Amino acid sequence: AGRTPSRYGRKSFKRRTTETASGCWVWTGRQDLNGYGVVCHGNASTGAHRVAYRLWKGPVPKGMVVHHRCENPSCVNPSHLEAKTYKEHRAIHA
């Protein structure tokens, strides 16, 4: 779960996005029913926002979730992503 699919470097990852006027990088690949980008690798899948976080910022800290500051679930712009505790994340979305 903590691995970045090896086929993705920053450049190839960014090619799978479209930038909006608000600065969001909208994932143009597969999305789940809630609009979150999905990256498949082997028999597993990972949120595209989590892959973006790892590519630009490093591993997601243990016990943390990746929060979209822009509130756009398909956004993978690392400047719009931040690590939050599950409790902090739930409070934002309460």
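Quick note: structure is the one above.
Everything quoted here is computed from the prediction, not taken from an experiment.

Q: Would you explain the nonpolar core in this entry?
A: In summary, soluble globular proteins display a tendency toward joint burial of nonpolar side chains. Counting 14 residues, the largest nonpolar core has Tyr8, Phe13, Trp27, Val39, Ala48 and Val76 as its most contacted members. Those elements that provide at least two residues to this core are β2 (25-27) and α2 (48-57). Per element, the largest residue contribution to this core is five residues, and it comes from α2. Other than its neighbours up to four places away in sequence, Ala48 contacts Phe13, Trp27, Gly37, Val38, Val39 and Val76.

Q: What's the story with the environment of Ser45 in this structure? I'm lost.
A: Within the fold, Ser45 resides in strand β4 (residues 44-47). Judged by relative accessible area, Ser45 falls into the partly exposed class, the value being 47%. Leaving out residues up to four positions away in the same chain, Ser45 has contacts with Val38, Val39 and Cys40.

Q: So what exactly am I meant to see when it comes to the pairing of strand β3 (residues 38-41) here?
A: It is a general feature of regular strands that their side chains alternate between the two faces of the sheet. Two strands pair when backbone bridges link them, and β3 and β4 are joined in this way by four bridges, in the antiparallel orientation. Pairing of His41 across the sheet is with Ala44, part of β4. What sits between β3 and β4 in their antiparallel hairpin is a turn of two residues, with Gly42 showing a positive phi close to 65 degrees.

Q: Any chance you could explain the packing of aromatic side chains here in plain terms?
A: By convention here, two paired aromatic rings are described through the distance between centres and the angle between planes. Within this structure, the stated rule accounts for three aromatic pairs. A centroid spacing of 5.8 Å and a plane angle of 65 degrees characterise the contact between Phe13 and Trp56, whose relative ring orientation is edge-to-face. Of this pair, Phe13 sits in helix α1 (residues 10-14) while Trp56 sits in helix α2, placing them 43 residues apart in sequence. On the basis of relative accessibility, which here comes to 0%, the residue Phe13 falls in the buried class. Residue class for Trp56 comes out partly exposed when judged on its relative accessible area of 24%. Arranged with centres 5.3 Å apart and planes meeting at 70 degrees, the rings of Trp25 and Trp56 form a pair that is edge-to-face. Taken as a pair, Trp25 in strand β2 and Trp56 in helix α2 lie far apart in primary sequence, 31 residues in all.

Rules behind the numbers
Residues numbered from 1 in each chain as written. Predicted model: local features only at pLDDT ≥ 70, side-chain atom pairs only at ≥ 80, totals over all residues. Heavy atoms only, no water. Core = buried A, V, L, I, M, F, W, Y, C linked by side-chain atoms within 4.5 Å. Buried < 20%, exposed > 50% of the residue type's maximum accessible area, 1.4 Å probe, protein only. Helix = DSSP H or I, 4+ residues; strand = E, 2+ residues; numbered from the N terminus. Contact = heavy atoms within 4.5 Å. Pairing = 2+ DSSP bridges. Phe/Tyr/Trp six-rings, centres within 6.5 Å; stacked < 30°, edge-to-face > 60°.

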